[in-house]
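# Commentary on secondary and tertiary structure
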Amino acid sequence: LPWTYCDPSLTIDNVTCVPVIGNSTIGDSNITMSSADIYFIKGVLKQSTDISGGLGMPDTDLAVCLGICWLMMYFTLKNGVSGSGKVAYFTALFPYVVLLTFLIMACTLPGAGAGVWRFFKPEWSKLLTPGVWYAAVTQSFFSLGIGFGTLITFSSYNKFRHNTSKDALIISFADTGTSLLAGTVVFAILGNIGHDLGKDLDDVVSAGTALAFVG
């Protein structure tokens with residue numbers, strides 16, 4: 001995979017690239033970053049400190065992937081709820097197969113235990129910090145938000161006296177369980193990256209979007 005090794009065309013000034021797999025480092029700086037982190041910054045986000053020439057043309061790879069996603073959405077929804085309901089069996093179950101595969105693989109990596117422990121280790125003093133509760137609410141709305149439109153649409157096909165309270169509980173618990181499963185996978189891999197780089201988990205990757213994509 002392109003993010004497992006140090007690509008000479010994707011470099012950051014004064015930063016040494018350490019590959020996720022292998023020992024072929026690039027650079028001799030004291031500042032180190034994993035090849036996955038550099039690939040996300042330079043290969044995916046195309047971050048640059050010089051935009052004097054404008055933003056440039058859309059990235060071809062990302063544009064093609066986006067187009068494929070929209071085509072898949074069209075063919076899934078063109079026949080209405082009868083077609084999307086069948087596709088949902090795959091789209092709802094296959095991600096769990098992938099996550100469980102990643103979990104098994106990640107837990108066999110050195111340093112994974114430290115990452116998982118960091119994920120589940122409670123810091124009780126943080127409960128008094130309003131920012132933590134704000135982040136928790138944001139996570140809940142973010143993880144459920146992508147399905148709000150779909151959930152409302154599908155619920156309109158239920159019978160008038162359908163037990164919606166039971167469905168709401170199932171969705172809430174499934175969402176929480178999925179978030180915990182995905183978080184365990186991400187932090188297990190981050191623990192391995194920290195082990196390979198010889199860094200504390202706080203210094204492996206910054207919070208935000210990169211936390212999930214790099215992990």
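Since this is a predicted model, take the numbers as computed values, not measurements. (Residues numbered from 1 in each chain as written. Predicted model: local features only at pLDDT ≥ 70, side-chain atom pairs only at ≥ 80, totals over all residues. Heavy atoms only, no water.)

In terms of helices and strands, the chain carries 8 helices and 2 strands. Beginning at the N terminus, the succession of helices and strands in the chain can be written as β-β-α-α-α-α-α-α-α-α. Going through the 215 residues of the chain one by one, you find that 22% of them count as buried. For the chain, the proportion of contacts with a sequence separation of at least 24, taken over those separated by at least 6, is 54%. Approximately 15500 Å² of the chain is accessible, and the part contributed by carbon and sulfur atoms is 68%. (Helix = DSSP H or I, 4+ residues; strand = E, 2+ residues; numbered from the N terminus. Buried < 20%, exposed > 50% of the residue type's maximum accessible area, 1.4 Å probe, protein only. Contact = heavy atoms within 4.5 Å. Areas by Shrake-Rupley, 256 points an atom, 1.4 Å probe, with all protein chains shown as cover.)

Residues Val185, Ala188, Ile189, Leu190 and Ile193 are the most contacted members of the largest nonpolar core, which totals 16 residues. Taken together, the elements giving at least two residues each to this core come down to helix H3 (81–107), helix H4 (112–120) and helix H7 (164–197). In this structure, Cys6, Cys17, Met33 and Ile38 belong to the second largest nonpolar core, which totals 7 residues. (Core = buried A, V, L, I, M, F, W, Y, C linked by side-chain atoms within 4.5 Å.)

Our focus in this paragraph is H7. What sets the pattern is the α-helix's 3.6 residues per turn: residues three or four places apart point alike. With 34 residues, H7 extends 49 Å between its outermost C-alpha atoms, agreeing within 8% with the 50 Å of an ideal straight helix rising 1.5 Å per residue. Its side-chain oxygen 3.3 Å from the backbone nitrogen of serine 165, asparagine 163 forms the N-cap of H7. Downstream of H7 by a residue or two, glycine 198 has a phi angle that is positive, lying close to 70 degrees. (Expected span 1.5 Å × (residues − 1). Polar contact = N/O pair within 3.5 Å; in protein donor to acceptor, adjacent residues only side chain to side chain.)

Moving on to the state of the cysteines. For the structure shown, the criterion picks out 1 disulfide. Across the disulfide, cysteine 6 is cross-linked to cysteine 17 (sulfur-sulfur distance 2.1 Å). Classification of the bridge connecting cysteine 6 and cysteine 17 rests on its S-S torsion, roughly -95 degrees, and on that basis the disulfide is left-handed. In this pair, cysteine 6 is assigned in the segment before strand E1 (16–18) and cysteine 17 in strand E1, connecting sequence segments 11 residues apart. Across this residue pair, the class does not change: cysteine 6 and cysteine 17 are buried. There is no disulfide at cysteine 69, and the cysteine sulfur nearest it, in cysteine 65, is 6.8 Å away. (Disulfide = S-S within 2.5 Å.)

Taken together, the side chains of Leu66, Trp70, Met73 and Leu77 define a hydrophobic patch exposed on the protein surface, amounting to about 460 Å² of accessible area. For methionine 73, the location among the structural elements is in helix H2 (residues 60–77). (Patch = residues over 30% accessible without salt bridge, like charges linked within 9 Å, V, L, I, M, F, W, Y side chains within 5 Å. Salt bridge = Lys/Arg side-chain N within 4 Å of Asp/Glu carboxyl O.)

Taken residue by residue, the chain gives an average pLDDT of 79. The fraction at 70 or more is 86%. Taken element by element, the chain is modelled with least confidence in helix H8 (residues 209–214), mean pLDDT 63, and with most confidence in H2, mean pLDDT 87. (pLDDT = per-residue confidence, 0-100.)

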